[in-house]
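These are the residues of each chain, in order.
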Amino acid sequence: MSAATAPEPTTPDRRLLRVRSGFFALVLVYAGLVLACGLTLVASGDLSWGRAPWSNLLKTLSEFGQPSFLDLWFGPERLEYRSDDGTLLRVENRQQVEADFLAGLARATWTTFQIATLGSLLAAVLALPLGLLAARNLHAPRPLAMAASAVLDVSRAIHTLVFGLVLVGIVGLGPTAGILAIALHSMGTYGKLYAESIETLDMGAVDAVRATGASPSQVFFSAVWPSVLPQFVSNHLYVWEFNIRDSTILGLIGAGGLGLLISEAVSLFQWGRLASILLVVIALVVVFDAASRRIRQALL
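Our subject in this report is the structure included herewith. Keep in mind that what you see is a predicted model, and the values were worked out from it rather than measured.

Thresholds, definitions, all that
- Residues numbered from 1 in each chain as written.
- Predicted model: local features only at pLDDT ≥ 70, side-chain atom pairs only at ≥ 80, totals over all residues.
- Heavy atoms only, no water.
- Helix = DSSP H or I, 4+ residues; strand = E, 2+ residues; numbered from the N terminus.
- Rg over C-alpha atoms; globule rule 2.2 N^0.38 Å.
- Core = buried A, V, L, I, M, F, W, Y, C linked by side-chain atoms within 4.5 Å.
- Buried < 20%, exposed > 50% of the residue type's maximum accessible area, 1.4 Å probe, protein only.
- Contact = heavy atoms within 4.5 Å.
- Salt bridge = Lys/Arg side-chain N within 4 Å of Asp/Glu carboxyl O.
- Axes fitted to C-alpha atoms, helices over the stretch in contact; angles between N-to-C directions.
- Parallel < 35°, antiparallel > 145°, perpendicular 65-115°, else oblique.
- Left-handed = near helix turned anticlockwise from the far one by under 90°.
- Nonpolar A, V, L, I, M, F, W, Y, C, P; charged D, E, K, R; others polar.
- Polar contact = N/O pair within 3.5 Å; in protein donor to acceptor, adjacent residues only side chain to side chain.
- Phe/Tyr/Trp six-rings, centres within 6.5 Å; stacked < 30°, edge-to-face > 60°.
- Patch = residues over 30% accessible without salt bridge, like charges linked within 9 Å, V, L, I, M, F, W, Y side chains within 5 Å.
- Areas by Shrake-Rupley, 256 points an atom, 1.4 Å probe, with all protein chains shown as cover.

### Quick notes on the overall build of the protein chain
Thinking step 1. On a plain count of helices and strands, the protein chain comes out with 11 helices and two strands.
Thinking step 2. N-terminal to C-terminal, the α/β element order of the protein chain is α-α-α-β-β-α-α-α-α-α-α-α-α.
Thinking step 3. At 27 Å, the protein chain has a C-alpha radius of gyration far larger than the 19 Å of a compact globule built from 300 residues.
Thinking step 4. With the C-alpha coordinates aligned to their principal axes, the bounding extent of the protein chain is approximately 100 × 65 × 40 Å.

### Some thoughts on the nonpolar core
Thinking step 1. Judged by nonpolar contacts, the single largest core of 25 residues is most densely connected at Y190, Y194, I198, V206, V224 and V228.
Thinking step 2. At seven residues, helix α9 (residues 216-246) tops the list of elements feeding residues into this core.
Thinking step 3. Residue contacts for V206: discarding those within four places in its chain leaves V219, A223 and V224.
Thinking step 4. Among the nonpolar cores identified, the runner-up in size contains 11 residues, and F163, I179, I253 and A255 belong to it.

### Observations regarding the pattern of salt bridges
Thinking step 1. Tallying each qualifying case throughout the model produces six salt bridges.
Thinking step 2. Measuring nitrogen to oxygen at the nearest pair gives 4.0 Å for the salt bridge that ties R273 to E98. One end of the pair, R273, is in helix α11 (residues 271-299); the other, E98, is in helix α4 (residues 94-134), with 175 residues separating them in the sequence.
Thinking step 3. R293 is the partner of D289 in a salt bridge, and the nearest nitrogen-oxygen pair spans 2.5 Å.

### A word on the packing of α4 against helix α7 (residues 175-199)
Thinking step 1. At a closest axis distance of 5 Å, the pairing of α4 and α7 adopts a crossing angle of 40°. On the basis of the axis angle, α4 is oblique to α7. Crossing of α4 against α7: the hand is right-handed.
Thinking step 2. Per-class residue counts for the contact of α4 with α7 are 21 nonpolar, seven polar and one charged.

### Examining the packing of α7 against α9
Thinking step 1. One can describe the packing of α7 onto α9 by two numbers: an axis separation of 10 Å at closest approach and a directional angle of 150°. In terms of their interaxial angle, α7 and α9 are classed as roughly antiparallel. Read as a crossing pair, α7 and α9 show a hand that is right-handed. Counted together, I182, S186, T189, Y190, L193, Y194, S197 and I198 of α7 and V224, V228, Q231, F232, N235, H236, V239, W240, N243 and D246 of α9 form the full contact between these two elements.
Thinking step 2. Among the residues making up the contact of α7 with α9, the classes are represented as 10 nonpolar, seven polar and one charged.

### Here we look at the side chain of S292
Thinking step 1. One can find S292 in helix α11.
Thinking step 2. Polar side-chain contacts of S292 include one of 2.9 Å to the backbone oxygen of D289.
Thinking step 3. Other than its neighbours up to four places away in sequence, S292 contacts L237 and E241.

### Quick notes on the environment of H159
Thinking step 1. Relative to the elements of secondary structure, H159 occurs in the loop between α5 (142-157) and α6 (160-171).
Thinking step 2. Separated by 27 residues in sequence, H159 and S186 place their C-alpha atoms 9.4 Å apart.
Thinking step 3. A distance of 2.9 Å separates a polar atom in the side chain of H159 from the backbone nitrogen of L161.

### Some thoughts on the packing of aromatic side chains
Thinking step 1. According to the stated counting rule, one finds six aromatic pairs in the structure shown.
Thinking step 2. With a centroid separation of 6.2 Å and an interplanar angle of 40°, the aromatic rings of F113 and W240 are classed as tilted. In this pair, F113 sits in helix α4 while W240 sits in helix α9, placing the two residues 127 residues apart along the sequence.
Thinking step 3. With relative accessibility at 25%, the residue F113 sits in the partly exposed group.

### What about a nonpolar patch on the surface?
Thinking step 1. On the surface, W54, L57, L58 and L61 cluster together into a nonpolar patch covering about 490 Å² of accessible area.
Thinking step 2. With respect to the helices and strands, W54 occurs in helix α2 (residues 53-64).
Thinking step 3. Judged by relative accessible area, W54 falls into the exposed class, the value being 67%.

Rendered as structure tokens:
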């Protein structure tokens, strides 16, 4: 009597085994990269916590725990600054000083929101034709598709701050450089998201419209646009929210917004004021996230 032999795996089982094996190989490669990064940092002595990390942490947390906006109500109305020998240098009303600072903070917050909003909109408009050309299932001419993909890759690879540094030298200081920097970097992200959204389409409806002899623009507005519009709006809200955070640092290079106030607070070790600025940034992102979630739910 012959021994029973195990059944050979079927074609779907073989395909699943190949997929799992490929994924496991990628996990091993990733683990190797992480291990190499950690070991090389340790070997070079660059992975350091500093001399007194815990005391520094506690000191920073205590200063952050007293945001400067509290001075608007509890600050002394007559704060005296004296030299070492007791000479009176100046007298300051902390409540009035903080009121002036908060007014400037409000203006900087509005500037940051303007930069993020206009930059995101400009990026979305610029990326639309590039995303259409890069989508493989729309079968754009190969040279145009390759050129569009290359532009999107380059745009996405260069950080917003780098674009900002270049543009400040071209258009000068102010929000214009920030808007253009946000637009040029986000264009790559928008284009990639657009192309991926289009590539998930059911091409049956698109081919049916093409079969009627419709022009490319008619095919787009009749078969493509209605299907991808909810995803486009969702992508726009996501990138817009990200750019609100990203635009806060553009003031560091003179592009306007909250970055200038952050730079001043860090340079002068004014951690209380930095805490107030960061609370505004967090509040701005939280409010926008709640609003965008409502809009996404309305699109479902």
